[in-house]
Amino acid sequence: MKFIVASLLFLSAMLGNVFANEVNVFTSRHYESDIELYKKFTEQTGIKVNVISGEDGALQKRIKEEDKDSKADLYITADAGKLGTFEAEGLFQTGASSNLIKSVVPEQLRTEYWVGIAKRARVIFYDPSRTTPNPNLSYEDLSYPEFKGKIVIRQSNSVYNQSLVASLIENDGLEETKIWVKEFVKNFARPAKGNDRSQILAVAAGEADYAIANTYYIALMLSGEKGSEQEVAARKVKILFPNQKGRGTHMNISGAGILKHAPNKDNAVKLLEFLVTPEAQKHIVNNTFEYPIIDGVEPSPLISQFGLDFKQDLETNVSTFAKRQAEALRIMTEAGWN
Ligand SMILES: [Fe+2]
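Residues numbered from 1 in each chain as written. Predicted model: local features only at pLDDT ≥ 70, side-chain atom pairs only at ≥ 80, totals over all residues. Heavy atoms only, no water.

## Concerning the packing of aromatic side chains
A full pass over the atoms with the stated rule returns twelve aromatic pairs. With 5.4 Å between their ring centres and 85 degrees between their planes, F188 and W337 make a pair best called edge-to-face. You can see F188 sitting in the loop between α7 (174–186) and α8 (196–204) and its partner W337 sitting in the segment after α14 (319–334), a full 149 residues away along the chain. One exposure class covers both F188 and W337, and it is buried. (Phe/Tyr/Trp six-rings, centres within 6.5 Å; stacked < 30°, edge-to-face > 60°. Helix = DSSP H or I, 4+ residues; strand = E, 2+ residues; numbered from the N terminus. Buried < 20%, exposed > 50% of the residue type's maximum accessible area, 1.4 Å probe, protein only.)

Listed below in structure tokens is the structure:
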């Protein structure tokens, strides 16, 4: 009898383990609001979300080292290049783009291995009290001598910049982009330094005329979350959306992929599908100030005020960023972009 009871207890413990209704998320997105989103998912589905946060490199190392024993189901990050690198390393499995996801996420923003969950625009910031830029300005134009000493941007080790230059290589070719980057670097107002917010601050302080940065940073500053000084500075600047006469403004993504050895693949797909629902998209855009990945959801008012009908570059497939990032970094470094 004792043996039977013990066996039953053992069996139920085993089953509990096998059928634990959970999903393990490895994420490099440092947003408290993402955790609130996972809670909503748990409330609706009963699936528990276990979150491991860290830098991309550290997460990738851990997943590789643990290999088949890895409990990671879903990897979430910002920048298509990082997703592409995971894909190239063979760390993802197919199946991320379920039929539901295919029906709402544009195909340029997903592959079989990963799916965009939000869009990010890399734009030009200027102070309208000092500068009146041509509204048809393109990234390509910023290499002209008339911009000498006027541009601030972060360093070449930023994946945001690598993806931007990768998109130029994709559209204009390697040789042309090599020439572009050499001339562009000559137009820096100072050696590249700081994060995206410090570029916007430099323009607000009159240290440069043009800053290149992602749009959500201005909303973050305007929201007051970064202190009143940054809020006041942010009110001085406006956004110019580049390449409106051509392919549109460079768009990158936050996205997610399902790991090769995911023990809870079905739940990972369910979480992915949840992340692209209107409810989840509203939560994302109002907390991180990114652009929605689906139609029918408006960005946060802090972002919408800069214009909603600008042309986004959705022709350039974001999966090309990863393929060209190494090339991009090489020509940036050769051109002296520190
Ligand atoms: Fe960022």
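## Focus on the domain arrangement of the chain
With domains assigned, the chain is organised as domain 1 (2–119 + 252–299) and domain 2 (121–250 + 314–334). With centres defined by C-alpha atoms, the gap from domain 1 to domain 2 works out at 30 Å. Each side of the interface is counted separately: domain 1 has 19 residues, and domain 2 has 20 residues. Both faces considered, domain 1 and domain 2 share a buried interface measuring about 1,500 Å² in area, 66% of it formed by carbon and sulfur atoms. Looking at the side of domain 1 facing domain 2, the largest losses of area belong to Q108, N252 and F289, adding up to 39% of the total buried there. Summed over the shared surface of domain 1 and domain 2, the result is four residue pairs in polar contact (both at pLDDT 80 or more). Elements represented by at least two residues in the side of domain 1 that touches domain 2 include exactly α4 (80–88), β4 (114–126) and β8 (249–258). Here the side of domain 1 that touches domain 2 is built from residues that sort into seven nonpolar, seven polar and five charged. (Domains from an automatic or database assignment. Contact = heavy atoms within 4.5 Å. Buried area = accessible area lost by both parts, 1.4 Å probe. Polar contact = N/O pair within 3.5 Å; in protein donor to acceptor, adjacent residues only side chain to side chain. Nonpolar A, V, L, I, M, F, W, Y, C, P; charged D, E, K, R; others polar.)

## Remarks on the side chain of Q281
Among the structural elements, Q281 can be located in helix α12 (residues 278–288). In terms of polar contacts, Q281 uses its side chain to reach the backbone amide nitrogen of I293, at 2.7 Å. In this structure, Q281 is in contact with I117, L275, V276, P292, I293, I294 and V297, ignoring residues within four places of it in sequence.

## What to know about the packing of α7 against α14
Between α7 and α14, the least distance of the axes is 9 Å, while the angle of their chain directions is 35 degrees. Where α7 crosses over α14, the handedness of that crossing is right-handed. For the pair α7 and α14, contact is made by L174, T177, K178 and V181 and by E327, R330, I331, M332 and E334, respectively. Each residue belonging to the contact of α7 with α14 can be placed in one class, and the counts come to four nonpolar, one polar and four charged. (Axes fitted to C-alpha atoms, helices over the stretch in contact; angles between N-to-C directions. Left-handed = near helix turned anticlockwise from the far one by under 90°.)

## Some words on the coordination of the iron ion
Only Y160 (OH), Y216 (OH) and Y217 (OH) from the protein coordinate the iron ion, and they sit 1.9 to 2.1 Å from it. By relative accessible area, Y160 is classed as buried at 14%. (Donors = N, O, S within 2.8 Å, 3.2 Å for Na, K, Ca; no water.)

## Thoughts on α8
A large share of α8 lies buried, amounting to seven of its nine residues. What α8 keeps buried is the set D196, R197, Q199, I200, A202, V203 and A204. By the N-cap criterion, in which a side-chain oxygen at the helix start approaches the backbone nitrogen of a residue two or three places on, α8 is capped by N195, the distance to R197 being 3.2 Å.

## A short note on α12
All of the buried residues in α12 are A280, Q281, H283, I284, V285 and T288. In the core, the buried residues of α12 are packed alongside α2 (32–45), β4, α9 (215–222) and α11 (265–275). Backbone geometry just downstream of α12 places F289 in the positive-phi region, at approximately 65 degrees.

## Re unusual backbone geometry
As a rule of thumb, non-glycine residues mostly have phi less than zero, and peptide bonds are mostly trans rather than cis. We note that D79 has phi near 95 degrees; this positive angle belongs to a residue other than glycine. Summarising the element assignment, D79 is placed in the loop between β3 (74–78) and α4.

## A word on the nonpolar core
Core analysis: the biggest nonpolar cluster contains 47 residues, and L74, I76, I253, I258, L259, L271 and L272 have the highest contact counts within it. With six residues, the top contributor of residues to this core is α11. Of all hydrophobic cores here, the second largest spans 31 residues; its members include V152, A208, I218 and L220. (Core = buried A, V, L, I, M, F, W, Y, C linked by side-chain atoms within 4.5 Å.)

## What to know about the pairing of β3
Counting buried residues in β3 gives five out of five residues, a clear majority hidden from the surface. Of the two faces of β3, the one holding L74, I76 and A78 and the one holding Y75 and T77 are both buried throughout. Here three bridges tie strand β1 (residues 22–27) to β3, and the two strands are oriented parallel to one another. Looking at the pairing, F26 lines up with Y75 of β3. Inspection of the sheet shows β3 paired to β8 by five bridges, in the antiparallel sense. Paired with I76 across the two strands is A256, which belongs to β8. (Pairing = 2+ DSSP bridges.)

## Points about the pattern of salt bridges
Here the structure, examined in full by the defined rule, presents 21 salt bridges. For E170, the salt bridge identified is with R324, shortest N-O distance 2.7 Å. Here E170 is found in helix α6 (residues 159–172), whereas its partner R324 is found in helix α14, with 154 residues between them in sequence. (Salt bridge = Lys/Arg side-chain N within 4 Å of Asp/Glu carboxyl O.)

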